[in-house]
Amino acid sequence: MKPPSIFKLFLKELKHDYFALAGLILFSIILLAIFIGAPVINYFYDVMRVDPKILPVSPADSGTLLGLDSLGRNQFHLLFVAARNSLYLAFGVTFFSFLLGATVGVISGFYGGKIDSIVMRITDTWSMIPFLMVVIVLLNIFGKTVFNFIFFLTIFTWVTRARLLRAAALAQRNLDYINASKTLGTPNLIIIIREMLPNLVDVAIANLVLTLAANIGIETGLSLLGFGLGWNYPSLGVMMQNATNPMYLQHFWWVWAPSLVLVVTMMLCVNFVGNALQRVSDPKQRRG
Amino acid sequence: MIIRRILILIPQLIIISILVFILGAMMPGDALSGMIDPGVSAEVRELQREKLGLNDPLAVRYVRWIGGIVRGDFGESFIHRRPVLEVIGERMANTFFLSLAILVLTYTIAIPLGVLSGRYSGTVVDKAILFYVFVSLAMPTMVLGILMILFFSFYLGWFPSSGSVDAIVLAKGSAGEILANRLHHMVLPAATGALVGMVGVVFMLRANIIDRAFSDYVTLARSKGVPEGAVFRRHILRNSLIPVAAGFGFAISGLLTGQLFIERIFQYPGMGHLFFSSVKAQDFAVVNAIILIFSALTALGMLISDILLSITDPRIRPQ
């Protein structure tokens with residue numbers, strides 16, 4: 001008998017977890033709106049066109065939905081483009097760091113022994129480095145671009161992914177189905193891909209989704225402080241930068257509030273979904 | 001086992017120090033930038049560089065650098081014009097006390113919440129706690145900090161939004177007043193740190209308790225007729241707290257890095273704040289030293305965690 005796939009289990013779980021269901025729907029809507037809206041807006045308007053004002057203009061005074069910032073940019077239009085950039089970044093970091101981490105982790109867990117202990121020493125050492133600080137310094141040296149951001153975050157965050165997948169692979173490596181496959185003379189690579197990976201998908205997907213939320217947060221935090229992306233790369237964190245200025249924080253809410261609400265909403269949705277997925281991967285915690 | 005673990009630490013720290021050194025070598029500027037005025041000719045500058053050994057091969061410079069650090073000499077900050085260790089030392093106490101406050105707050109909030117939601121999983125209590133934890137989780141530290149400042153500092157006016165102590169109190173107040181003022185400044189950053197930090201602990205504790213509740217030894221205890229309260233206290237809770245205790249070691253050092261953001265947003269003059277202003281000013285001697293110190297602290301935290309784990313959990317103690 002085939003065990004039920006993670007997606008079927010997930011759907012079942014959703015019936016018992018309305019938050020996850022709502023999160024999934026809301027996040028899908030947000031994604032659609034952003035990825036359709038951003039190109040459309042970019043096509044019709046020059047979002048980055050600067051028309052300096054000394055102070056931001058409120059929604060009521062400017063006749064636009066979310067007002068203008070102190071550079072005279074339309075906040076509503078900017079929000080779409082910023083959100084798209086932030087999502088690209090978060091997706092990019094999540095994907096590449098997972099790819100690298102999962103590869104190293106699964107190989108290390110599958111082969112075990114010497115390879116495993118060497119890899120574990122490396123990841124141990126690597127994870128002692130305060131990666132956010134190093135990333136901040138590296139971005140400062142090599143420039144605050146989207147590529148650098150994804151690249152540097154990837155080379156420091158794969159470690160966590162590697163450890164997780166290594167533990168999961170280690171738990172599988174001595175099970176009967178793997179041993180049976182080995183006895184049959186199946187090449188190791190085929191065993192890993194055809195036999196082992198399907199059993200790691202549960203853990204991987206849940207983790208992938210939760211990491212996505214965390215990466216949205218990292219971008220926001222770094223950019224907000226002025227140590228992430230520069231002002232000429234609109235992102236949700238960059239849009240919130242003004243909130244660190246007490247005057248803006250108190251009097252010009254429309255400059256920072258929309259991106260703040262969007263970030264929190266997206267992270268909340270993604271976390272609900274990720275948590276439901278995590279419960280699916282651990283039978284004891286399932287509700288469905 | 002502990003000795004072996006410490007021995008492994010030495011090569012790891014050496015590798016990290018090499019990486020940090022390379023990072024430092026990539027940074028623009030050197031010990032001379034900012035010291036020599038632009039009027040000085042290139043030859044004189046070159047002579048100075050030669051004298052200070054800045055033109056030596058990387059490996060030679062590394063050995064000299066690490067030799068200095070072992071003796072407690074982290075070089076000189078060219079912004080502050082003082083030894084790096086002195087500059088960092090001043091901030092260290094601030095960071096330490098804030099860490100301590102966050103650590104205590106985190107666990108006093110997280111453990112009861114985790115226990116409640118694990119024990120009564122699926123009930124309204126559990127759902128309410130989980131919802132709260134999720135909202136907390138969805139707030140990047142910075143965002144929460146901003147909202148705290150906006151609400152408690154600007155709107156309600158209860159707590160100061162920045163700094164660690166008012167200059168006027170520091171100059172004129174008695175010891176008690178200074179302490180009170182410091183604590184008053186610490187409330188918002190500490191609360192922010194704790195609200196962010198507790199999320200992981202609550203989740204871990206809850207998951208552990210639920211996992212344990214289904215294990216064979218718990219079923220056995222129940223079928224023996226052990227009262228439910230005792231089953232929970234003796235069999236479920238004690239085992240569930242093991243990983244939490246182990247995480248404590250991490251928390252001690254991990255909080256230092258988490259504070260990076262908190263210190264910045266609340267303008268709290270600790271090491272994290274120093275780090276950001278040094279990056280901005282390109283004062284890389286300080287930046288390097290802070291990264292190295294944080295790495296060493298993280299390594300120490302990992303070591304403490306491992307030791308705690310081997311003390312609290314006899315199963316992983318090697319024979």
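Counting restarts for each chain, with residues numbered from 1 along the sequence as it is written. Labels are handed out in written order, letters beginning with A for the chains and numbers beginning with 1 for the ligands. Whole-chain, interface and lining totals are the exception, using all residues; otherwise, since this is a predicted model, local features are given only for residues with pLDDT of at least 70 and side-chain atom pairs are given and counted only at 80 or more. The side-chain quantities take in all heavy atoms of the structure and omit both hydrogens and water.

Enquirer: I'd love a proper account of the domain arrangement of chain B, names of residues and values included.
Expert: All names here are of chain B. One can read the domain layout of chain B as domain 1 (2-83) and domain 2 (91-316). Contacts are residue-level and defined by heavy atoms, with any inter-residue pair within 4.5 Å sufficient. With 20 residues of domain 1 at the interface, the matching set in domain 2 holds 20 residues. Joining two parts hides part of their accessible area as seen by a 1.4 Å probe, and the buried area is that hidden amount summed over both. In total, about 1,700 Å² of surface goes out of reach between domain 1 and domain 2, with carbon and sulfur atoms giving 75% of it. Contact with domain 2 buries surface across domain 1, with Arg5, Met27 and Phe74 losing the most and accounting together for 29% of the total. Counting only elements with at least two residues in the side of domain 1 that touches domain 2, the list comes to α1 (2-26), α3 (58-70) and β1 (76-77). Only DSSP runs of H or I covering at least 4 residues are called helices, and only runs of E covering at least 2 are called strands; the numbering of each starts at the N terminus. The dominant element in the side of domain 1 that touches domain 2, judged by the number of residues it contributes, is α1, at ten residues. Segmentation into domains, and thus their bounds, comes from an automatic or database assignment.

Enquirer: Give me the lowdown on the interface of chain A and chain B, citing residues and values where you can.
Expert: Facing the 45 residues of chain A at the interface are 50 residues of chain B. When chain A packs against chain B, close to 4,100 Å² is buried across both sides, 81% of that on carbon and sulfur atoms. Salt bridge, as used here, is a side-chain nitrogen of Lys or Arg placed within 4 Å of a carboxyl oxygen of Asp or Glu. Counting across the chain A and chain B interface gives zero salt bridges. Distance and chemistry together define a polar contact, namely a pair of N or O atoms within 3.5 Å, with one atom able to donate a hydrogen and the other to accept it when in protein, and with adjacent residues in sequence counting only for side-chain atoms on both sides. In this structure, the connection of chain A to chain B is made through two residue pairs in polar contact (both at pLDDT 80 or more). Contributing elements (two or more residues each) for the side of chain A that touches chain B: α5 (113-126), α6 (131-142), α9 (188-224), α11 (246-251) and α12 (253-281) of chain A. Residue type decides the class: Asp, Glu, Lys and Arg count as charged, Ala, Val, Leu, Ile, Met, Phe, Trp, Tyr, Cys and Pro as nonpolar, and the leftover types, Gly among them, as polar. Among the residues forming the side of chain A that touches chain B, the class breakdown is 28 nonpolar, eleven polar and six charged.

Enquirer: Go over a positive patch on the surface, please, and point to the residues and values.
Expert: What makes a patch is a set of residues exposed beyond 30% relative accessible area and free of salt bridges, joined within 9 Å when like-charged and within 5 Å when nonpolar (Val, Leu, Ile, Met, Phe, Trp, Tyr). Under the convention used here, a 1.4 Å probe and the Shrake-Rupley method define accessible areas, while residue burial counts only the protein chains that appear. When charges are tallied, Lys and Arg are placed among the positive residues and Asp and Glu among the negative ones, while His and the ends of the chain are skipped. Here the site of a charge means atom NZ of a Lys, CZ of an Arg, CG of an Asp or CD of a Glu. On the surface, B:Arg119, B:Lys224, B:Arg233 and B:Arg234 cluster together into a patch of positive charge. Buried, partly exposed and exposed residues are distinguished by accessible area as a fraction of the type maximum, computed with a 1.4 Å probe on protein chains only: under 20%, between the cut-offs, and over 50%, respectively. Overall, the relative accessible area of 53% leaves B:Arg233 in the exposed class.

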